[in-house]
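The chain contents come next:
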Amino acid sequence: MTTQKYSLHRASLIAKWLIATATVLAITACSSTQKTGGLGMVSVIAQNVVRIAGLKAVRDLNLTEVKGQKVHLQTSGFVDEFNKGFINNLFVFQIENVGGRLVDRNNADFLVDVAVNAAGNDNGSSNYLVGGAERTEGSVDLTVVVRKAATGERLSSQTIRGYAKYQQGSFLRISGSGAYFFKQGEEWVIIEDPARFK
């Protein structure tokens, strides 16, 4: 009788273990991440993640050569109707912030050439059996070259990058509140107030 109880108890434990294992495998097997093509900055969230990524990128920018100088700003690379105004405004502020004066090409002492390697956003999602996450990711990757206007001599060249995202999770189809993050090294850091991010 004791052997029979032991066998039933053992069978019950094995059955529970198999059910638990199957559940974990089912949840992880349903996990997938699919990124879609860029949609342009057509929403406030998309605009914010790219703005935050750009502001994070220019934290590493050094424009000391143009301090007190007459400067012409030009952009090239992957510039489109969605990001051109943002990139221009970002660098106008940076040039003026160090004391440079923006002028037309013919009157400039220095050129600041901003090559846009990437500036935009993607949408992505992760789906699980009991929940998921929707996100908008923004990235800005720029090469900034400062030249003498008269000779074209290159004085400096910098590549600066910034990454940000907005993520909103859901559990059993109920969406929670979302949050903005920026990437610092390999870590994602939450942004308490995206409107004040600098």
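Above this note sits the structure.
Note that the structure is a prediction, hence the values are computed from the model and not measured.

### Side note on the side chain of Asp113
Part 1: In this structure, Asp113 sits in strand β4 (residues 110-127).
Part 2: Despite its burial, Asp113 remains without a salt bridge, the nearest opposite charge being carried by Arg147 at 5.1 Å.
Part 3: When residues no more than four places from it in sequence are discounted, the contact partners of Asp113 are Gln74, Ser76, Thr143, Val144 and Val145.

### A closer look at the packing of helix α2 (residues 44-58) against helix α3 (residues 84-97)
Helix packing geometry: the angle between the two helix axes and the distance between the axes.
Part 1: One way to put it is that α2 packs onto α3 with a least axis distance of 11 Å and a crossing angle of 35 degrees. Handedness of the α2/α3 crossing: right-handed. Residue-level inspection shows Val50, Arg51, Gly54, Leu55 and Val58 of α2 in contact with α3, the latter providing Phe86, Leu90, Phe91 and Gln94.
Part 2: By residue class, the composition of the contact of α2 with α3 is six nonpolar, two polar and one charged.

### Some details on α3
Part 1: Under the 1.5 Å per step criterion, the end-to-end length of α3 is 20 Å for 14 residues, consistent within 8% with the ideal 20 Å.
Part 2: Listed as buried for α3 are Phe86, Ile87, Leu90, Phe91, Gln94 and Ile95. Angularly, the buried residues of α3 cover 160 degrees about the axis, an arc narrow enough to put them on a single face. With respect to the buried face of α3, the exposed residues turned more than 90 degrees away are Asn89 and Phe93.
Part 3: At the C-terminal side of α3, Gly99 shows a positive phi close to 100 degrees.

Cut-off values and rules
- Residues numbered from 1 in each chain as written.
- Predicted model: local features only at pLDDT ≥ 70, side-chain atom pairs only at ≥ 80, totals over all residues.
- Heavy atoms only, no water.
- Helix = DSSP H or I, 4+ residues; strand = E, 2+ residues; numbered from the N terminus.
- Buried < 20%, exposed > 50% of the residue type's maximum accessible area, 1.4 Å probe, protein only.
- Lys, Arg positive; Asp, Glu negative; His and termini not counted.
- Salt bridge = Lys/Arg side-chain N within 4 Å of Asp/Glu carboxyl O.
- Contact = heavy atoms within 4.5 Å.
- Axes fitted to C-alpha atoms, helices over the stretch in contact; angles between N-to-C directions.
- Left-handed = near helix turned anticlockwise from the far one by under 90°.
- Nonpolar A, V, L, I, M, F, W, Y, C, P; charged D, E, K, R; others polar.
- Expected span 1.5 Å × (residues − 1).
- Arc of directions from axis to C-beta.

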